[in-house]
Structure formats: structure tokens, C-alpha cells
Amino acid sequence: MIRTINDVYLDLRTEFRKKGIAGYQIEARELVAFALDLDYEEFYNRRNQYIFDKDVQKIEELKELRYSGVPLQHITGRWEFYGLPLEVTTDTLIPRPDTETLVEVGIDLLKDRSKGRVLDLCCGTGCVGLAVLKNVGDGITGVFADLSEPALEVTRRNIVHNGLSHRSLTYPVDALAEPSPVLGKFHLIVCNPPYIPTAEIMTLDVEVQKEPHMALDGGDDGLDFYRAVSRNFSAALNKGGALAFEVGLGQFEDVTAIMEEAGYKNVQVRCDLAGIERVVWGTWEPKE
């Protein structure tokens, strides 16, 4: 039976939908495009072309790998976030749409500045900081910090791939410790820290459990990083600078209290597109 790329894509999309895979349309497109070594534009321009049996076999093999619980992003090694192409590996947390809310808050906090510095703390792939830098003025520079050297290596490649080498640098940082003065001062710190309570990690979906546990484990109650960063990283903020966190489901009240207790002012919450309280941020106004 002669089939086109589009035929195979539509069949796979239907299979993924029946399997209950969230985002089945995007996942089917990504898997087929990856198997055929096509970018997004090539996929749409060539989808009426016929497909070879060897390519169909490769798609079948990748499909079975996906069904085994391996996240699509780990199969393809790539993903798009806030319009940016990113490399994703097993050493980094997979960028998710929920996190785009943190990007939007970061952009809003910097959009009126012609110059400034932003720190992407617990950066992983670098997705948050890169998306912020791409959408603010060229006078804004970024530092990408993570404790994981393999994650920083991924971030460096994503910085280069997105043309931001002239405005970015990476630095190894333990977010649970006090920041080194070498980092300097920032106008904004964005942080998507580990926030899953330790005991809950083994109850998560199989796909999530395949992600690096150090990027998930937020301690007994999931709040260890919020306490440490709020307490310690005010030293890395300029007066009037802002600290913005992504938070897990139902954590916004605890994180708000943590930030207020640490001395942050005007602490606010923003919901994601699903209406879930996803970002908490406040400004640093040290006592004179």
C-alpha cells in the first residue's frame, strides 16, 4: 500500500489519541518529523510525498519506544518552548507550557528597561532565561545557573543555537546555598526550582520519573528551594529587583508567605492558562 508522510502522520495521531497521550497531535508530528529528519517547515511542505518502507519501520520502532514510557523529548532530543528550538536531554527537565507563565512575568518585569541583568536559577535547558532574553531589549544580559554540569552543557548549546552567546554566560550554582559575590547583582531572578515533595516522586507518571530527580525533589514538603532562595538570593538582587518563582499546584500560598517572611514586598501571583496559580513574585526593598 502506497502511503504519504501525511497518511502516516494521521494514523499515528489517531493511535496516540486512543492511547490517551496528551498533546497527541504535536507528538505525532514531532515523532514523524524526527524519524524523517525534517524540520517543521519541511514536514508541512513535504507531507504529500510518498514514504519508504524503511522510514515507516523507523517510525514504528520509535512509536514502541514512546509506548514504553520514554518521553518524546528524550526520543527526539529536541522540543520547542515559547517559540524557541531547544535541545532536551535526560539531564534536564522537559520544558512545559505551564512554565511559559514564568517567562511572561519575567518579560513584563524587564520590558521597560534598556539595560539590566537577569539570573535564570535552576536553569535546566535554559528555556526560561532564553525566552526572556529573546523578548526584551538587547541591553538585558543573562546568567544561567545550575548545580548540574550536564544541564549547563545543554544550556550552553541552547544559548549558541538561539544566537544569544553575546548576552549570556553560565555558572555552576547551588540554589540551596548562599550565592557567590562573583555572580554580582541582578534586576530579576527567575527560578523554576525542584518542588515535588520527596515522597511523591515515585507516585508520578512513568514519564516524569524518567526525568532527573534532582530537578524534581523539593524536600519533604516540596518547599526547600523556595525557603533557601528567598532567604539567600536577596543578596544578589538590586534594590527594587524582583524574584519570580514557578510553583506547583496548591503551593502559591505557602510560597507567598515564605517570600513575605523573607522581606519581599508587593508579592503577587499569576495564573497559567489553565487558571492554576503558577507564578509567585515579589520585589526586594532592603531596609535602609
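Further up the page is the structure itself.
Residues numbered from 1 in each chain as written. Predicted model: local features only at pLDDT ≥ 70, side-chain atom pairs only at ≥ 80, totals over all residues. Heavy atoms only, no water.

Q: Could you clarify how one ought to interpret the sheet that holds strand β9 (residues 277-284) in this entry?
A: Hydrogen bonds between backbone atoms are what pair the strands of a sheet, whose relative direction is either parallel or antiparallel. Judged by pairing direction, the sheet is mixed, and its seven strands sit side by side in the order β5-β4-β3-β6-β7-β9-β8 without closing on themselves. Two strands lie at the open edges of the sheet, namely β5 (168-172) and β8 (264-271), each paired on one side alone. Going across the sheet, the axis of each strand differs from the next one's by a mean of 20°, ignoring polarity. As paired strands, β8 and β9 are joined by six bridges and run antiparallel to one another. Looking at β9, one finds that Tyr-264 is bridged to Trp-284. In the packing of helix α8 (residues 149-161) onto the sheet, the strands contacted are β4 (140-146) and β5, and the crossing angle to β5 comes to about 180°. Contacting β3 (116-121), β7 (237-246) and β8, helix α10 (residues 224-232) crosses the sheet at an angle of about 175° to β7. (Pairing = 2+ DSSP bridges. Helix = DSSP H or I, 4+ residues; strand = E, 2+ residues; numbered from the N terminus. Axes fitted to C-alpha atoms, helices over the stretch in contact; angles between N-to-C directions. Contact = heavy atoms within 4.5 Å.)

Q: What exactly am I supposed to notice about unusual backbone geometry here?
A: Negative phi is the rule for most residues except glycine; trans is the rule for most peptide bonds. Of note, the phi angle at Cys-122 is positive, near 60°, even though the residue is not glycine. Structurally, the position occupied by Cys-122 is in the loop between β3 and α7 (127-134). Here the phi dihedral of Asn-266 falls at roughly 50°; this positive angle occurs in a residue that is not glycine. For Asn-266, the position within the fold is in strand β8.

Q: Hey, could you run me through the nonpolar core in this one?
A: Within soluble globular proteins, side chains that are nonpolar tend to cluster in buried spots. Within the largest apolar cluster, 32 residues are counted, with the highest numbers of intra-cluster contacts made by Leu-121, Ile-189, Phe-233 and Phe-245. Elements with a minimum of two residues in this core: β3, β4, β6 (186-191), α10, β7, α11 (252-261), β8 and β9. In this structure, Ile-189 is in contact with Leu-119, Leu-121, Phe-233, Ala-236, Leu-237, Ala-242, Leu-243 and Ala-244, ignoring residues within four places of it in sequence. Counting residues in hydrophobic clusters, the runner-up holds 28 residues, among them Leu-110, Leu-130, Ile-140 and Leu-164. (Core = buried A, V, L, I, M, F, W, Y, C linked by side-chain atoms within 4.5 Å. Buried < 20%, exposed > 50% of the residue type's maximum accessible area, 1.4 Å probe, protein only.)

Q: Help me understand helix α4 (residues 53-67) in this model?
A: Since the α-helix packs 3.6 residues into each turn, any two residues three or four apart lie on the same face. Under the 1.5 Å per step criterion, the end-to-end length of α4 is 21 Å for 15 residues, consistent within 8% with the ideal 21 Å. Taken as a whole, α4 has its buried residues at Asp-55, Val-56, Ile-59, Leu-62, Lys-63 and Arg-66. For α4, the angular spread of buried residues about the axis comes to 125°, placing them on one side. Turned more than 90 degrees from where α4 packs its buried face, Asp-53 and Lys-54 sit exposed. Among the residues trailing α4, Gly-69 stands out with phi positive, at a value near 105°. (Expected span 1.5 Å × (residues − 1). Arc of directions from axis to C-beta.)

Q: Would you explain a negative patch on the surface in this entry?
A: Among the surface-exposed residues, Asp-37, Asp-39, Glu-41 and Glu-42 lie close enough to one another that they form a single negatively charged patch. Here Glu-41 shows up in helix α3 (residues 40-45). (Patch = residues over 30% accessible without salt bridge, like charges linked within 9 Å, V, L, I, M, F, W, Y side chains within 5 Å. Areas by Shrake-Rupley, 256 points an atom, 1.4 Å probe, with all protein chains shown as cover. Salt bridge = Lys/Arg side-chain N within 4 Å of Asp/Glu carboxyl O. Lys, Arg positive; Asp, Glu negative; His and termini not counted. Charge placed at Lys NZ, Arg CZ, Asp CG, Glu CD.)

Q: Which parts of the structure should I look at to understand the environment of Val-255?
A: Within the secondary structure, Val-255 is located in helix α11. With sequence-adjacent residues up to four places away left out, Val-255 is seen in contact with Leu-223, Tyr-226, Phe-245, Val-247 and Val-280.

Q: Explain the pairing of strand β1 (residues 78-81) here, please?
A: Here is the key point about a regular strand: its side chains alternate between the two faces of the sheet. Residue alternation in β1 divides its side chains into a buried set, Trp-79 and Phe-81, and an unburied set, Arg-78 and Glu-80. Bridge count between β1 and strand β2 (residues 84-87): four bridges; the pairing is antiparallel. Along β2, the bridge assignment pairs Phe-81 with Leu-84. The turn linking β1 back onto β2 is made up of two residues, and Tyr-82 within it adopts a positive phi angle of 50°.

Q: Teacher, can you tell me more about the pattern of salt bridges here?
A: Where charged atoms from two side chains of opposite charge come close, those side chains can pair. Throughout the structure, instances matching the rule amount to 16 salt bridges. For the salt bridge of Lys-63 with Glu-15, the shortest nitrogen-to-oxygen distance reads 3.1 Å. You can see Lys-63 sitting in helix α4 and its partner Glu-15 sitting in helix α1 (residues 5-18), a full 48 residues away along the chain. Judged by its relative accessible area of 6%, Lys-63 is buried. Across the salt bridge formed by Glu-60 and Lys-63, the nearest N and O atoms sit 3.0 Å from each other. One end of the pair is Glu-60 and the other is Lys-63, both in helix α4 and three residues apart, which spans about a single turn. Connected via shared salt-bridge partners are Glu-15, Glu-60 and Lys-63.

Q: What should I look at first to understand the packing of aromatic side chains in this one?
A: Both the distance between ring centres and the angle between the ring planes are used here to describe each pair of aromatic rings. Taken as a whole and assessed by the stated rule, the structure comprises five aromatic pairs. Plain terms: the ring middles of Phe-16 and Tyr-67 are 5.9 Å apart, the flat faces sit at 70° to each other, and that makes the pair edge-to-face. One end of the pair, Phe-16, is in helix α1; the other, Tyr-67, is in helix α4, with 51 residues separating them in the sequence. Residue Tyr-67 is classed as partly exposed on the basis of its relative accessible area, which comes to 25%. Measuring from centroid to centroid gives 5.2 Å for Tyr-264 and Trp-284, while their planes differ by 55°, and the two rings are tilted. Taken as a pair, Tyr-264 in strand β8 and Trp-284 in strand β9 lie far apart in primary sequence, 20 residues in all. Each member of the pair Tyr-264 and Trp-284 is classed as buried. Of the aromatic side chains, those joined through ring pairs into one cluster are Tyr-9, Phe-43 and Tyr-44. (Phe/Tyr/Trp six-rings, centres within 6.5 Å; stacked < 30°, edge-to-face > 60°.)

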